[in-house]
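# An overview of the molecular structure
The lines below spell out each chain.
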Amino acid sequence: MSIWEADKLLLFIAFVIPGFLSIKVYQLIFPGTERPASSMLIDAIAYSCINYSILFAPIYFFIKSEVNSLGYTIFFYFCVLFLFPVIWVVIWKYIRTRDFFQKNAPHPTSKPWDWVFDQRESYWVKVILKDGTIIGGLYSNKSFSSSAPSTEQIYLEETWLLDEDGAFIRKKNQTKGVIILSSEISHIELRELV
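Everything numeric in this text was worked out from a predicted model, so none of it was measured.

Moving on to a nonpolar patch on the surface. Residues Phe78, Phe82, Leu83, Ile87 and Ile91 make up a contiguous nonpolar surface patch of about 390 Å² in total accessible area. Within the secondary structure, Phe78 sits in helix H5 (residues 70-96).

So, in structure tokens, the structure goes:
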């Protein structure tokens, strides 16, 4: 018995690929703890079954219609196996991030760090290091922050000089920004750009 036999390969594609695709797209949208692919097999099969249960009527009528066009058949099964598993994740993301859903369930983003920087807004930033040093800078279009499961790191595209009161004076000359590791950070203060 070989897994490469046609019937076993078709079963694998039908009951693992759609669910696995849904899991991977969900992990891209809501980064979290990485799991090895082998531990996601049961989940992938379950999500594939959910996909088929939602699409039961279209699949049933497509089979009953006895479509003879190879192009339509390929397109239909492509949608069932690859497109709809992604669409369900996008719909689920929309539902999970609505206020009415948030009242009764935890937010799908696991860390405030990911939630704040996922907004893709621009800020004046003060990073207070564990030794008390304050680094001021601009977090904007060319800046970057890591997301789960990676450890938190932030790249500020501009580093600014601060006065004694912590006000931003001017951009430092001849710098291309700064990368700050989470192991050095005590906390971060974000200010609106005005």
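Don't stop here, the text continues.
One open sheet accounts for three strands, arranged E3-E4-E7; its pairing is antiparallel. Each edge of the open sheet is held by one strand with a lone partner, namely strand E3 (144-145) and strand E7 (178-181). The pairing of strand E4 (residues 153-156) with E7 spans four bridges and is classified as antiparallel. Paired with Gln153 across the bridge in E7 is Leu181.

A word on the nonpolar core. Ranked by size, the top nonpolar core spans twelve residues in total: Trp113, Phe117, Tyr123, Val125, Val127, Leu129, Ile135, Tyr139, Ile154, Leu156, Ile180 and Ile185. Those elements that place two or more of their residues in this core are helix H7 (112-118), strand E1 (123-129), strand E2 (134-139) and E4. With four residues, E1 is the largest single contributor of residues to this core. Excluding anything up to four places from it in sequence, Leu156 contacts Val125, Val127, Gly137, Leu138, Tyr139, Ser143, Gly177, Val178 and Ile180.

The rules behind each value
Residues numbered from 1 in each chain as written. Predicted model: local features only at pLDDT ≥ 70, side-chain atom pairs only at ≥ 80, totals over all residues. Heavy atoms only, no water. Patch = residues over 30% accessible without salt bridge, like charges linked within 9 Å, V, L, I, M, F, W, Y side chains within 5 Å. Areas by Shrake-Rupley, 256 points an atom, 1.4 Å probe, with all protein chains shown as cover. Salt bridge = Lys/Arg side-chain N within 4 Å of Asp/Glu carboxyl O. Helix = DSSP H or I, 4+ residues; strand = E, 2+ residues; numbered from the N terminus. Pairing = 2+ DSSP bridges. Core = buried A, V, L, I, M, F, W, Y, C linked by side-chain atoms within 4.5 Å. Buried < 20%, exposed > 50% of the residue type's maximum accessible area, 1.4 Å probe, protein only. Contact = heavy atoms within 4.5 Å.

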